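Tertiary structure, described
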Amino acid sequence: MTGQPGRTGRGGGQAGAGDLLALVRTGRATTRGALQQATGLSRATVGQRLDRLFRAGWLREGAGGPVDSPLGGRPSITLEFDDAHAVVLAADLDTRHARAAVLSLTGEILAEHSAVLAVEEGPDAVLGELGGWFAELLEKAGRGAQEACGIGLAVPGPVDSETGLVVQPPIMPGWDGYDIRSRLSRAFTERTGVAPVPVLVDNDANLMAYGEQRTGYRDCSAFVLVKVSTGIGAGVVVGGEIFRGVDGGAGDIGHIRVGSEALCRCGSQGCLAAVASGGAVARRLAETGVPAASGSDVRDLLAAGHPGAAALAREAGRQVGDVLATVVTLLNPGVLMIAGDLAGTSFLTGVRELLYQRALPRSTARLDVVTSRLGDRAGLVGAGAMVVEHLYAPTRVEERLLALGV
């Protein structure tokens, strides 16, 4: 028995198993009857495609839902995405520290580790170390290495989303053009003995924005996150998708020229990051005799109430706010989130002062300027979500089901 042409199918064809899984995962259709209505498929065809998803372990039956028919009868059995059938691995690299985690397919952190790990040690050493971290974290979470379905990595540099290569990163010496995907996949296999898993790489600000938007601001159609740590970068989420530009360079606001003579780590003069990043504030503090070498040191001083650090953070916030007035005018976001080492009261006050002074009232009338909800975990949550959305996209679901033989 054949079904009618599926209304949610890709490329004009019938809706496949991946389309049905997407409807269930997003909550748009969670019963067999609702799936029939959404896709136009027959009951038998829906049943056949659901059977494949059940055999793969990706779907499960939940409690009975409301009765579909006004004439009464038995309640419909709801369908649920089974997030227990696999886990995802994620890591977030900063210039001097790294954080890694095992996450459920719905974003819950099951085990986590953070430690000093400097990107300047080079990709081979850093990615090899992460492979060991992942093996230990899986054991800590009580999950087998074969349960890991993919790895997401956030890095502090621009990434070509097609190739996964870091492109001319100002603060990642030795990483330009390096094959991160292959090395990290190999490191994981070497430490666990399991088959290679897919590795996805993106910029840290992009993934922080993605994690924060999906977790707390799903209804926000234009979301901007600005990370101010050793450097400055922005992540933009439009319509629920990361906006990367043509080759991953979108959001690199740290290298907008602001008229200063300060030398930036990228080799240019007058970049915003050279005067207003955590690294820049740390240098100015060090010049006054305050021990500070990085954005994380500035964060510690701000937490301790250091007046000099607070004054410089507010000044940096004003400089960033001046640039963000243009960003807000261009993108008209509903949420502007400040994150990173400097994301405290002093810096946020400075941002607000210049942003509202320079931007048109029309651009800020419905704008919420907030700080991070997820904190240091935002990049991990975003990296995990990136992997899940990649692996469970409708077209990829079909490929994976065929590989599983179901």
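To keep things clear, this report deals only with the structure shown in the data block. For every chain, the first residue of its written sequence is number 1, and the numbers climb from 1 along that sequence. Reporting of local features is limited, given that this is a predicted model, to residues whose pLDDT is at least 70; pairs of side-chain atoms are given and counted only at 80 or more, and all residues count toward the totals for whole chains, interfaces and linings. Excluding hydrogens and water, the side-chain values take into account all heavy atoms of the structure.

**Some thoughts on the layout of surface pockets**
Cavities and pockets were defined on a 1 Å grid built over protein atoms only: a cavity is a set of grid points that admits a 1.4 Å probe from which the probe cannot escape, a pocket is an open set flanked by protein on both sides within 12 Å along at least five of seven lines, and lining residues are those with an atom within 4 Å of any such point. Grid points are joined across faces, edges and corners, and a volume is the space filled by probe spheres set on the points. If you add up the space inside the largest pocket, you get close to 1000 Å³. Lining the largest pocket are 36 residues, with Arg25, Tyr210, Arg214, Ala385 and Glu389 positioned closest to its centre. Secondary structure elements are defined from DSSP: runs of H or I of at least 4 residues count as helices, runs of E of at least 2 residues count as strands, and each element is numbered from the N terminus. Put simply, the parts of the chain that give the lining of the largest pocket at least two residues each are helix 1 (17-25), strand 4 (97-104), helix 6 (204-216), strand 12 (241-242), helix 13 (378-391) and helix 14 (394-404). Among the elements that line the lining of the largest pocket, the one with the most residues is helix 13, at seven residues. Note on residue categories: nonpolar means Ala, Val, Leu, Ile, Met, Phe, Trp, Tyr, Cys or Pro, charged means Asp, Glu, Lys or Arg, and polar means any other residue, Gly included. Here the residues of the lining of the largest pocket are counted per class, giving 15 nonpolar, 10 polar and 11 charged. Considering the residues around the second largest pocket, the lining is formed by 40 residues, among which Pro156, Ile171, Thr230, Gly231 and Ile232 are closest to the centre. Sorting the residues of the lining of the second largest pocket by element identifies helix 6, strand 11 (232-238), helix 7 (272-276) and helix 8 (278-287) as the ones contributing at least two each. The residue makeup of the lining of the second largest pocket, split by class, is 18 nonpolar, 14 polar and eight charged.

**Here we look at helix 14**
Where helix 14 is concerned, the buried positions are Pro394, Val397, Arg400 and Leu401. Buried residues of helix 14 fall within an arc of 115° about the axis and therefore sit on the same side. Counted as exposed and oriented over 90 degrees from the buried face of helix 14: Glu399, Leu402 and Ala403. Contact between two residues is taken to exist if any of their heavy atoms lie within 4.5 Å; hydrogens are not considered. Residues of helix 14 that are buried make contact with helix 1, helix 3 (43-56), strand 6 (148-155) and helix 13. Backbone geometry just after helix 14 places Gly405 at a positive phi near 80°. The cut-offs for exposure are 20% and 50% of the maximum accessible area for each residue type, with area from a 1.4 Å probe on protein chains only; residues under the lower value are buried, those over the upper are exposed, and the others partly exposed. As used here, the arc belongs to the directions running from the helix axis to the C-beta atoms.

**Quick look at the sheet that holds strand 14 (residues 368-371)**
The strand order across the open sheet built from five strands is 12-11-10-13-14, with neighbouring strands paired in mixed fashion. A strand with exactly one partner marks an edge of an open sheet, and here the two such strands are strand 12 and strand 14. Strands were regarded as paired on the criterion that DSSP finds at least two bridges between them. Of the pairings in the sheet, the one linking strand 11 to strand 12 comprises two bridges and is antiparallel in character. Bridge pairing in strand 12 places Val237 opposite Ile242.

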